[in-house]
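Here is how the chains run, residue by residue.
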Amino acid sequence: MDSATLTVTDGLAVLTLNRPQAANALDLSLKTALLDGVRSIAADDTVRAVLIRAEGRNFCVGQDLGEHAAALGRSPERSMDTVAEHYNPLISGIAALEVPVVAAVQGACVGAGLGLALAADVVVASEGATFATAFTAIGLASDSGLTRTLVDAIGAVRTRAFILLGTKIPAAQALDWGLIAQVAPDDEHAATAEKIARRLAGGPTAAFAAAKSLIAESLPSLDDALERERASAGPLAATADHRGAVEAFLAKRRPEFTGR
């Protein structure tokens, strides 16, 4: 089974996360498939809008920590190479698409999964969706552009609390904060997101591209944020706090942090 699938019909590209059995956790196969999909979309001049969606109960719970623990065991100093190799080009690639991008989110949307959703232009969530950063829970700071996209969406004060406290918020609160654009009933959110994406696919493509460019130029650089996040990831991955927290997560016990 492909970890991600891509279809293009009538100008709409649908990129689907397809690891439902793992809550669409981002392992190497899924990260690679998503990156390949985004690059294929960028090269396809028939695409006029994009829908990012996911199979199963959850949109994406972020990095596959089993895979990450194995990477830490092999080479702690190389364990965060995936940030530069996969996450940064994936997020910047989505943000650079000239066509509108809609994300349909259900269930858990966490960590890099949240970064993936917020790289879209319009996020439609199910009523039962929840959002969290989760990085500090395992001794990390942030990746996937969240230090830029979260501040853009909800402001610095809420972003600090959201990241530092690791708070999980429901869809209604995410809508109230401005983190997402729309909430739909659980059994309707996917159809609602697709309807919006198809409407955009039939719209003024050049005007949409210009609007996206003008908005991006008015904001701090996403690429700069991605690079700062990458630079912080390696040293944090080498801490005892991070290694211990990953082991605790996989063992389903509470981590104990020492500040080292």
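- With an unreviewed UniProt entry as reference, the protein is termed Enoyl-CoA hydratase, source organism Tsukamurella conjunctivitidis.
- Word for word, the UniProt comment on the protein under Function (unreviewed entry) is "Could possibly oxidize fatty acids using specific components."
- Per UniProt, the protein has the following entry under Sequence similarities (unreviewed entry): "Belongs to the enoyl-CoA hydratase/isomerase family."

## Some points on the sheet that holds strand E4 (residues 101-105)
Then step 1. Spatial strand order, E1-E2-E3-E4-E6-E9: 6 strands in an open sheet with mixed pairing. Edge positions in the sheet fall to strand E1 (4-9) and strand E9 (182-184), since each of these pairs with one other strand and no more. Averaged over all neighbouring strand pairs, the angle between strand axes comes to 20°, with direction disregarded.
Then step 2. Pairing of E4 with strand E6 (residues 122-126), which is carried by 4 bridges, proceeds in the parallel orientation. Each bridged residue has a counterpart across the sheet, and for Ala 104 the counterpart in E6 is Val 124.

## Observations concerning the sheet that holds strand E8 (residues 169-170)
Then step 1. Sheet architecture is open: 3 strands sit in the order E5-E7-E8, paired in mixed fashion. Strands at the two margins of the open sheet, each flanked by one partner only, are strand E5 (108-110) and E8.

## A short note on the side chain of Ser 144
Then step 1. Tracing the backbone through its elements, the reader meets Ser 144 in the loop between strand E7 (130-132) and helix H5 (146-165).
Then step 2. Taking relative accessible area as the criterion, Ser 144 reaches 0% and is therefore assigned buried.
Then step 3. Sequence-distant contacts of Ser 144, that is, excluding residues within four places in its chain, are made with Tyr 87, Ile 91, Ala 112, Gly 115, Leu 226 and Glu 229.

## Regarding the packing of aromatic side chains
Then step 1. Under the counting rule described, the total for this entry stands at 1 aromatic pair.
Then step 2. Both rings, one in Phe 162 and one in Trp 177, keep their centres 5.9 Å apart while their planes meet at 85°; by these two values the pair is edge-to-face. Residue Phe 162 is located in helix H5, and its partner Trp 177 is located in helix H6 (residues 171-177); the two are separated by 15 residues in the primary sequence. Trp 177 matches Phe 162 in its accessibility class, with the two residues each being buried.

## Let's talk about helix H1 (residues 28-42)
Then step 1. Given a rise of 1.5 Å per residue, 15 residues ought to cover 21 Å, and the 21 Å separating the end C-alpha atoms of H1 matches this to within 8%.
Then step 2. Among the residues of H1, those classed as buried are Leu 30, Lys 31, Leu 34, Leu 35, Gly 37, Val 38 and Ile 41. Projection of H1 onto a plane perpendicular to its axis shows the buried side chains occupying an angular sector of 160°, all on one side.
Then step 3. The elements touched by buried residues of H1 are E1, strand E2 (12-17), strand E3 (49-54), helix H2 (65-74), helix H3 (81-96) and helix H4 (112-118).

## Concerning the nonpolar core
Then step 1. Judged by nonpolar contacts, the single largest core of 61 residues is most densely connected at Val 105, Phe 131 and Leu 179.
Then step 2. Leaving out residues up to four positions away in the same chain, Val 105 has contacts with Phe 59, Ala 117, Val 123, Val 124, Ala 125, Ser 126, Ala 129, Phe 131 and His 189.
Then step 3. In terms of nonpolar packing, the next biggest core, distinct from the first, is built from 12 residues, Leu 12, Ala 49, Leu 200 and Ala 201 among them.

Scoring rules and cut-offs
Residues numbered from 1 in each chain as written. Predicted model: local features only at pLDDT ≥ 70, side-chain atom pairs only at ≥ 80, totals over all residues. Heavy atoms only, no water. UniProt positions renumbered as here; feature names shortened; annotations may be inferred. Pairing = 2+ DSSP bridges. Helix = DSSP H or I, 4+ residues; strand = E, 2+ residues; numbered from the N terminus. Axes fitted to C-alpha atoms, helices over the stretch in contact; angles between N-to-C directions. Buried < 20%, exposed > 50% of the residue type's maximum accessible area, 1.4 Å probe, protein only. Contact = heavy atoms within 4.5 Å. Phe/Tyr/Trp six-rings, centres within 6.5 Å; stacked < 30°, edge-to-face > 60°. Expected span 1.5 Å × (residues − 1). Arc of directions from axis to C-beta. Core = buried A, V, L, I, M, F, W, Y, C linked by side-chain atoms within 4.5 Å.

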